[in-house]
Amino acid sequence: RPDARVYLYETWHRLDDPQGWLARIDGDLERLWLRRLLYPAVRQAGPIRLIPGGQVMAAAARAIGAGQVPGLSRHEDLFAQDAEGRADPIHFNDIGAWLLALTHFAVLYHRPPAGLPHRLRRADGQPATPPPDAAAPVLQQVVWRTVTRYPATGLVAAVG
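Heads up: these notes are all about the structure in this document. No experiment lies behind these values; they were computed from the predicted model shown. (Residues numbered from 1 in each chain as written. Predicted model: local features only at pLDDT ≥ 70, side-chain atom pairs only at ≥ 80, totals over all residues. Heavy atoms only, no water.)

1. A closer look at the pattern of salt bridges
Thought 1: Taken as a whole, this structure holds twelve salt bridges when the rule is applied.
Thought 2: The partner of Arg 24 in a salt bridge is Asp 28, and the shortest N-O contact between them spans 2.9 Å. Taken as a pair, Arg 24 and Asp 28 lie in helix α1 (residues 21–45) at a separation of four residues, close to a single helical turn.
Thought 3: Residue classification places Asp 28 among the buried residues on the basis of a relative accessible area of 3%.
Thought 4: Of the charged contacts in the structure, one is a salt bridge between Asp 133 and Arg 119, with a shortest N-O distance of 2.7 Å. (Salt bridge = Lys/Arg side-chain N within 4 Å of Asp/Glu carboxyl O. Helix = DSSP H or I, 4+ residues; strand = E, 2+ residues; numbered from the N terminus. Buried < 20%, exposed > 50% of the residue type's maximum accessible area, 1.4 Å probe, protein only.)

What follows is the structure, given as structure tokens:
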């Protein structure tokens, strides 16, 4: 269908990746996600937009590590925990889910996520664990800065 919009959702690597979690996210975007997946698919099928989930997770992790996100102190704050309280090396928690929902919103609707609610409910009706109130606007800015940085999202032209 020519009217269907198609998106490639870039994910991330395991926190315990032997090559380094951030190093893999940084190195794999162009080499694997864009050159090996997105660009060939665009040549064959037409327009496809990128939802840069891994890039947003990395940008948020860097902002957290730099002390720029009030109430969050380490990138593991975005990930679920196992039964022993250790960070799940791949699955995000409620805060990570919220962050990625903002990413999808920004790319799908070509709108900044600033001001979107951060206190939400899970599918079962229970309150999701929100990001700290002071962290929400900072992370919303991180998302927008990140998604508008990559032409493949379709947002660079839309905002620039």
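2. Quick word on the layout of surface pockets
Thought 1: Each pocket or cavity is described by its volume, and for the largest pocket that value is around 220 Å³.
Thought 2: In this structure, the largest pocket is lined by 13 residues; those nearest its centre are Ala 4, Arg 5, Val 6, Pro 47 and Ile 48.
Thought 3: Its residues assigned to classes, the lining of the largest pocket shows eight nonpolar, two polar and three charged. (1 Å grid on protein atoms, 1.4 Å probe; cavity = no way out; pocket = protein on both sides within 12 Å on 5 of 7 lines; lining within 4 Å. Points joined across faces, edges and corners; volume = space filled by probe spheres on them. Nonpolar A, V, L, I, M, F, W, Y, C, P; charged D, E, K, R; others polar.)

3. So, the side chain of Asp 77
Thought 1: Inspection of the secondary structure puts Asp 77 in the loop between α2 (53–65) and β3 (79–81).
Thought 2: When sequence neighbours within four positions are dropped, the list of residues in contact with Asp 77 reads Leu 72, Asn 93 and Ile 95. (Contact = heavy atoms within 4.5 Å.)

4. Let's talk about the packing of aromatic side chains
Thought 1: For the coordinates displayed, the defined rule picks out four aromatic pairs.
Thought 2: Centre to centre, the rings of Tyr 9 and Trp 12 are 6.5 Å apart; their planes meet at 85 degrees, and the pair counts as edge-to-face.
Thought 3: You can call Tyr 9 partly exposed: its relative accessible area is 30%.
Thought 4: For Trp 12, a relative accessible area of 10% puts it in the buried group.
Thought 5: Ring plane angle 45 degrees and centroid distance 5.3 Å describe the contact between Phe 105 and Tyr 109, whose orientation is recorded as tilted. One end of the pair is Phe 105 and the other is Tyr 109, both in helix α3 (residues 94–109) and four residues apart, which spans about a single turn.
Thought 6: In this structure an aromatic cluster arises from ring pairing among Tyr 9, Trp 12 and Phe 92. (Phe/Tyr/Trp six-rings, centres within 6.5 Å; stacked < 30°, edge-to-face > 60°.)

5. With respect to the pairing of strand β4 (residues 87–92)
Consecutive side chains of a regular strand alternate in pointing toward one face of the sheet and then the other.
Thought 1: Where β3 and β4 come together, two bridges link them in antiparallel fashion. When the sheet's bridge partners are listed, Gln 81 is paired in β4 with Ala 87.
Thought 2: Connecting β3 to the next strand, β4, in antiparallel fashion are five residues, including Gly 85 with a positive phi near 85 degrees. (Pairing = 2+ DSSP bridges.)

6. What to know about the packing of α3 against helix α4 (residues 135–147)
Thought 1: One can describe the packing of α3 onto α4 by two numbers: an axis separation of 10 Å at closest approach and a directional angle of 45 degrees. Viewed along their axes, α3 and α4 adopt a mutual orientation that is oblique. For the crossing formed where α3 meets α4, the hand is right-handed. The residues of α4 that touch α3, namely those facing Trp 98, Leu 99, Leu 102, Thr 103, Ala 106 and Val 107, are Ala 136, Leu 139, Gln 140, Val 143, Trp 144 and Val 147. (Axes fitted to C-alpha atoms, helices over the stretch in contact; angles between N-to-C directions. Parallel < 35°, antiparallel > 145°, perpendicular 65-115°, else oblique. Left-handed = near helix turned anticlockwise from the far one by under 90°.)

7. Observations regarding the nonpolar core
Thought 1: Core analysis: the biggest nonpolar cluster contains 31 residues, and Trp 21, Met 57, Leu 78, Leu 99, Leu 139 and Val 147 have the highest contact counts within it.
Thought 2: For this core, the secondary-structure elements that each account for two or more residues are α1, α2, α3 and α4.
Thought 3: Met 57 has contacts with Trp 12, Trp 21, Leu 78, Phe 79, Phe 92, Leu 99 and Leu 100, leaving out every residue within four places of it along the chain.
Thought 4: If you look at the next biggest cluster of nonpolar residues, it comprises nine residues, including Leu 8, Leu 29, Leu 38 and Tyr 150. (Core = buried A, V, L, I, M, F, W, Y, C linked by side-chain atoms within 4.5 Å.)

8. What about the side chain of Gln 140?
Thought 1: In this structure, Gln 140 sits in helix α4.
Thought 2: Taking the relative accessible area as the measure of exposure, Gln 140 reaches 6% and is therefore buried.
Thought 3: A polar contact is formed between the side chain of Gln 140 and the backbone nitrogen of Gly 115, at a distance of 3.2 Å.
Thought 4: Not counting chain neighbours up to four residues away, the residues in contact with Gln 140 comprise Trp 98, Leu 102, Pro 113, Ala 114, Gly 115 and Leu 116. (Polar contact = N/O pair within 3.5 Å; in protein donor to acceptor, adjacent residues only side chain to side chain.)

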